[in-house]
Amino acid sequence: MRTKLVAGNWKMNGRLHDNAALLTSLQLTATKLKWGCQVTVCVPCPYLTQARAILSGSPVMWGGQDVSEHGDGAYTGEVSAGMLTDLHCTHVLVGHSERRALFGESDQGVAAKFAAALGAGLVPILCVGETLAEREAGITGEVVTRQLDAVLARSGVAALAKAVVAYEPVWAIGTGKTASPQQAQEVHALIRARVARDDAAVAGGLRILYGGSVKAANAAELFAMPDIDGGLIGGASLVAAEFIAICAAAA
Ligand code: 13P
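Worth saying up front: this structure is predicted, and the values here are computed from it rather than measured.

1. A word on the site of the ligand
Close to the ligand lie N9, K11, H96, E168, A172, I173, G174, G212, S213, L232, G234 and G235, which account for all nearby residues. At a separation of 2.9 Å, an oxygen atom of the ligand approaches a polar backbone atom of G234. For the ligand, whose accessible area on its own is 300 Å², the fraction buried by protein is 94%. For the shell around the ligand, the residue count by class is three nonpolar, seven polar and two charged.

Structure follows, in C-alpha cells:
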C-alpha cells in the first residue's frame, strides 16, 4: 500500500505577505484534519525559511524546486543539497520540464542533481514527461524511459526506493488540458513496469505522481487510478482552498 503524496510546486511565484496566508491556512487545516496522505510544498528558495517557520510541527513538509549537482563552493547562484537540508527541506524537484526546456538541463545533468539530492538525504522528485510533438509522434514511452534510464544508469534502481517520480506531460502543464485518467495511468504503468524490470519490489513501492493542470475538480478521478500515487500541483497549489481540496481528494 503506497501512501499518497501531494506536492505543491509554487514555481517562481510568491511574496511574504501572500505566502504567510497560504502556508498558515495549509498548516492549520493539515493539523486539524490529519490527512492520511503526505503533503509537501516546493517553494522558491528565498521563502524556505518562511515555510520552515510556519510549517514546523505541522504534518506539511517543504522542499526546493531545484538543486545543484555540486557540493558547496565556488558556484555562484547555485543552491546545494546541503543548504536545503540545513533548512529542513525533505523533498526537492529535479528535472522539472521547465528546467529542461528553458534552462537546458540534460538527462545526464538531471541524473547528477538526483544523485546530489539523494546523497544529502533529500527525497528527489524526479520529473519526466513528453512534449505534445513527442506524444503526437507516438514516442511518449521512449521519452519517459530515456529520462528514467539516465537516473537508473547513474544511481541504480535501489535509489528509487528513496525517491519519487512525477509524470508531467508537458502539454498538460499550465494549459488547463489534463491528461485523462486513462492516458496518465497508461504512462504511470509503463514507468512502473520499467522499474520492475530492474527490481519488482522497488517498483511496487515507488510513488508516481501525476502533474499537469490538476485541480480540485479532477484530482479524485486521477488519484483513483491504480498507478497514480498523488499529484504534483502547479497553479492550484497557490490557491489555499484548491490545494486543500486536492489534499483531501488524496486523503
Ligand atoms: P500546473 O498544475 O499549473 O499545470 O503545473 C504543473 C506542474 O508543472 C507542477 O510541477
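This is not the end of the story, as more comes after the structure.
2. Things to note about helix α1 (residues 16-33)
Given 3.6 residues to a turn, an α-helix orients residues that are three or four positions apart in the same direction. In this model, α1 (18 residues) spans 25 Å end to end at C-alpha, consistent with the 26 Å of a helix rising 1.5 Å per residue. Where α1 is concerned, the buried positions are N19, L22, L23, L26, Q27, T29 and A30. In this fold, the buried residues of α1 make contact with β2 (38-42), α2 (48-55), β3 (60-64) and α11 (240-250). Phi turns positive, to about 45 degrees, at K34, one or two residues after α1.

3. Focus on the nonpolar core
The biggest cluster of nonpolar side chains holds 67 residues, and the ones touching the most others in it are V41, F114, L160, I191, Y210 and F223. Not counting residues up to four positions away in its chain, the partners in contact with F223 are K4, V6, V214, I228, G230, G231, I246, A249 and A250. Counting residues in hydrophobic clusters, the runner-up holds ten residues, among them A7, I125, C127 and L232.

4. Some remarks on the pattern of salt bridges
In this structure the tally under the stated criterion is 13 salt bridges. Ionic pairing is found between R192 and D229, a salt bridge with its closest N-O pair at 2.8 Å. Linking R192 in helix α8 (residues 181-198) with D229 in the loop between α10 (216-223) and β8 (230-233), this pair joins segments that are 37 residues apart in sequence. Here R192 falls in the buried class, since its relative accessible area comes to 9%. For D229, a relative accessible area of 3% corresponds to the buried category. Salt bridges sharing partners connect three or more residues here, namely R2, R192, D227 and D229.

5. Let's talk about the packing of α1 against α11
Two numbers describe how α1 lies on α11: the axes approach to 10 Å, and their chain directions differ by 30 degrees. Judged by the angle between their axes, α1 and α11 are roughly parallel. At the point where α1 passes α11, the crossing takes the right-handed sense. Counting all contacts with α1, which are made through L22, S25, L26 and T29, the residues of α11 involved are A240, F243 and I244.

6. Points about the side chain of R100
Looking at where R100 falls in the secondary structure, it is placed in helix α4 (residues 97-102). Taking relative accessible area as the criterion, R100 reaches 15% and is therefore assigned buried. Here the side chain of R100 touches D107 through a polar contact of 2.9 Å, side chain to side chain. Not counting residues up to four positions away in its chain, the partners in contact with R100 are G95, E105, D107, V110, L126, C127, V128 and Q147.

7. Concerning the packing of aromatic side chains
On inspection of all chains with the given rule, the structure shows one aromatic pair. It is R99 that lies over the ring of F103; its NZ or CZ is 4.3 Å from the centre.

8. Details of the sheet that holds strand β1 (residues 5-9)
As summarised here, the arrangement of the eight strands in space is β1-β2-β3-β4-β5-β6-β7-β8, forming a closed barrel in which the pairing is parallel. Direction aside, neighbouring strands of the sheet carry axes that sit 25 degrees apart on average. As judged from the two bridges shared by β3 and strand β4 (residues 91-94), these two strands associate in the parallel manner. Considered in β4, the bridge of G63 is made with H91. In the packing of α2 onto the sheet, contacts are made with β2 and β3, and the angle to β3 comes to roughly 170 degrees. Taken strand by strand, α11 contacts β1, β2 and β8, and its axis lies near 160 degrees from that of β1.

Basis of the calculations
- Residues numbered from 1 in each chain as written.
- Predicted model: local features only at pLDDT ≥ 70, side-chain atom pairs only at ≥ 80, totals over all residues.
- Heavy atoms only, no water.
- Near = heavy atom within 4 Å.
- Polar contact = N/O pair within 3.5 Å; in protein donor to acceptor, adjacent residues only side chain to side chain.
- Areas by Shrake-Rupley, 256 points an atom, 1.4 Å probe, with all protein chains shown as cover.
- Nonpolar A, V, L, I, M, F, W, Y, C, P; charged D, E, K, R; others polar.
- Helix = DSSP H or I, 4+ residues; strand = E, 2+ residues; numbered from the N terminus.
- Expected span 1.5 Å × (residues − 1).
- Buried < 20%, exposed > 50% of the residue type's maximum accessible area, 1.4 Å probe, protein only.
- Contact = heavy atoms within 4.5 Å.
- Core = buried A, V, L, I, M, F, W, Y, C linked by side-chain atoms within 4.5 Å.
- Salt bridge = Lys/Arg side-chain N within 4 Å of Asp/Glu carboxyl O.
- Axes fitted to C-alpha atoms, helices over the stretch in contact; angles between N-to-C directions.
- Parallel < 35°, antiparallel > 145°, perpendicular 65-115°, else oblique.
- Left-handed = near helix turned anticlockwise from the far one by under 90°.
- Phe/Tyr/Trp six-rings, centres within 6.5 Å; stacked < 30°, edge-to-face > 60°.
- Lys NZ or Arg CZ within 6 Å of the ring centre and 35° of its normal.
- Pairing = 2+ DSSP bridges.

By themselves, these observations are geometric and do not establish any function.
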